[in-house]
Amino acid sequence: NSRICQSIILYICFMAAAEKLIIEQKIEQALGQIRPFLNEDGGDIHLVELTNEMIVKVQFTGACTDCTMQNSTFKAGVEDSILKAIPSIKSVLIVK
C-alpha cells in the first residue's frame, strides 16, 4: 500500500513538472516573437521564473533596462503575448 502511494505521488510530481516545462516552452515561444524587436535596439528579455501560482517573472536586459518605452513594450508586447499564448497565467511581472 505504501509503495502504491509513493508511486502515485511520484507520478503526480512528474506530471506537474512536465506540465510546467510545457508552459515554460510556450512562454519562451511568446518571448521569441518579441525578442527580435528588442535585439534591434540592443536589448533582450529573459524568463526568470514561472511560479507554482502561475505568475511569470521576466527581466529586461541590455538597452531595455533603462528604456523609456519599457512599460509600453511590457504591456502591449510581452504581457499581452504571454497571456494570449497561455490563458492560465495569472500575471506577468518585471523583475530587476
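Figured I'd write up the structure that's included with this text. (Residues numbered from 1 in each chain as written. Predicted model: local features only at pLDDT ≥ 70, side-chain atom pairs only at ≥ 80, totals over all residues. Heavy atoms only, no water.)

Generally speaking, a soluble globular protein has its nonpolar side chains buried in company with each other. If you look at the biggest cluster of nonpolar residues, it comprises 20 residues, and the most contacted ones within it are Ile27, Leu31, Val56, Val58, Val78, Ile82 and Ile89. For this core, the leading source of residues is helix α1 (residues 2-40), giving six residues. If near-sequence neighbours (up to four positions away) are discounted, Ile89 is found in contact with Ile23, Ile27, Leu50, Met54, Val56, Ile82 and Leu83. (Core = buried A, V, L, I, M, F, W, Y, C linked by side-chain atoms within 4.5 Å. Buried < 20%, exposed > 50% of the residue type's maximum accessible area, 1.4 Å probe, protein only. Helix = DSSP H or I, 4+ residues; strand = E, 2+ residues; numbered from the N terminus. Contact = heavy atoms within 4.5 Å.)

Attention shifts here to the environment of Ile86. Looking at where Ile86 falls in the secondary structure, it is placed in the loop between α2 (70-85) and β3 (91-94). For the pair Ile86 and Asp66, spaced 20 residues apart in sequence, the C-alpha separation works out to 28 Å. Excluding residues within four positions of it along the chain, Ile86 makes contact with Ile23, Lys26 and Ile27.

Along the chain, the position of Leu10 falls in helix α1. Sequence-wise, Leu10 and Gln33 are 23 residues apart; in three dimensions their C-alpha atoms are separated by 35 Å.

Taking 1.5 Å of rise per residue, the 39 residues of α1 would be expected to cover 57 Å, and the 57 Å separating its terminal C-alpha atoms lies within 8% of that figure. Residue Ile34 marks the point of greatest curvature in α1, where the axis turns by about 40°; the proline Pro36 follows within four residues. Within the sequence span of α1, burial applies to Ile23, Ile27, Ala30, Leu31, Ile34, Arg35 and Leu38. Residues of α1 that are buried sit in contact with β1 (43-50), β2 (55-62) and α2. Count one or two residues on from α1 and you reach Gly42, which has phi positive near 85°. (Expected span 1.5 Å × (residues − 1). Bend = angle between axes of the 7 residues up to and from the residue.)

To continue, consider the side chain of Ser81. With respect to the secondary-structure elements, Ser81 resides in helix α2. In contact with Ser81, other than residues within four places in its own chain, are Ala30 and Ile34.

Time to look at the packing of α1 against α2. Geometrically, a packed helix pair is captured by the angle between its two axes and the distance between the axes. Close contact between α1 and α2 brings their axes to 8 Å; oriented N to C, the two are set at 155°. One element, α1, and the other, α2, form an angle in the roughly antiparallel class. Crossing of α1 over α2 shows right-handed handedness. For the pair α1 and α2, the contacting residues are Ile27, Ala30, Leu31, Ile34 and Leu38 in the first and Thr73, Gly77, Val78, Ser81, Ile82 and Ala85 in the second. (Axes fitted to C-alpha atoms, helices over the stretch in contact; angles between N-to-C directions. Parallel < 35°, antiparallel > 145°, perpendicular 65-115°, else oblique. Left-handed = near helix turned anticlockwise from the far one by under 90°.)

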